[in-house]
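Chain by chain, the residues:
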Amino acid sequence: MFLFAWRLLTLMLVALSMSVAMAHLLELPAKMTFDGALWLTLLQQLYPPGFGTAGSTAEAGAVIAAVALAFLLRHRRPAFGWTLAAALCVLAAHAAFWIWVAPVNAALLPLTPQTLPADWERLRSQWEYTHALRAVLQGLALAALVVSILRELAAERRA
């Protein structure tokens, strides 16, 4: 029962984390057409309260849960490889945030449209495309978790 509950928790946290990243991905085409003032306003007012709090909590939980689940499944070969792949994907998505998104947030959140740097479009691209990459990684993580369960169920049926 514990393993069932941990798998469910991991699936839910990865799905919640992915939903935030997917929202960014779906917004990307429109936001790449915005001028600097509008894009900065969205960055400063839309994301910190909801995306920052709920998203960061879900993502941190997903990383911890996926790594722990991989450890718990280390002796269950049908599921372990896929679960490890999922854990690596959420870890990579989390690392991408700290490497490429967080520096843009730190640089731009205190600014005003009048103090936006000349290279703001480069920073916007870095922020937006990193979130797109994160959505792909988190989608792969969710898929890998589902495959790990399906593979284990199939192995149990054959046995």
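Parameters and conventions
Residues numbered from 1 in each chain as written. Predicted model: local features only at pLDDT ≥ 70, side-chain atom pairs only at ≥ 80, totals over all residues. Heavy atoms only, no water. pLDDT = per-residue confidence, 0-100. Helix = DSSP H or I, 4+ residues; strand = E, 2+ residues; numbered from the N terminus. Axes fitted to C-alpha atoms, helices over the stretch in contact; angles between N-to-C directions. Parallel < 35°, antiparallel > 145°, perpendicular 65-115°, else oblique. Contact = heavy atoms within 4.5 Å. Nonpolar A, V, L, I, M, F, W, Y, C, P; charged D, E, K, R; others polar. Salt bridge = Lys/Arg side-chain N within 4 Å of Asp/Glu carboxyl O. Buried < 20%, exposed > 50% of the residue type's maximum accessible area, 1.4 Å probe, protein only.

**Describing the confidence of the model for the chain**
Right, so step 1: For the chain, the average pLDDT comes to 94, and 99% of its residues sit at 70 or higher.
Right, so step 2: Averaged pLDDT values over the elements of the chain bottom out at 89 in helix α3 (residues 47–72) and peak at 96 in helix α4 (residues 77–108).

**Describing the packing of helix α2 (residues 36–45) against α4**
Right, so step 1: At a closest axis distance of 11 Å, the pairing of α2 and α4 adopts a crossing angle of 105 degrees. Our classification of the angle between α2 and α4 gives roughly perpendicular. Contact with α2, carried on its side by Trp39, Leu40, Leu43 and Gln44, involves Val104, Asn105 and Leu108 of α4 and no other residues of that element.
Right, so step 2: Along the lines of polarity and charge, the residues of the contact of α2 with α4 split into five nonpolar, two polar and no charged.

**Regarding the pattern of salt bridges**
Right, so step 1: This model, assessed by the stated rule, comprises seven salt bridges.
Right, so step 2: Residues lysine 31 and glutamate 27 are paired through a salt bridge, measuring 3.2 Å at the closest nitrogen-oxygen approach. With lysine 31 and glutamate 27 both in helix α1 (residues 2–31) and four residues apart, the pair spans about one turn of that helix.
Right, so step 3: Owing to a relative accessible area of 2%, lysine 31 belongs among the buried residues under this scheme.

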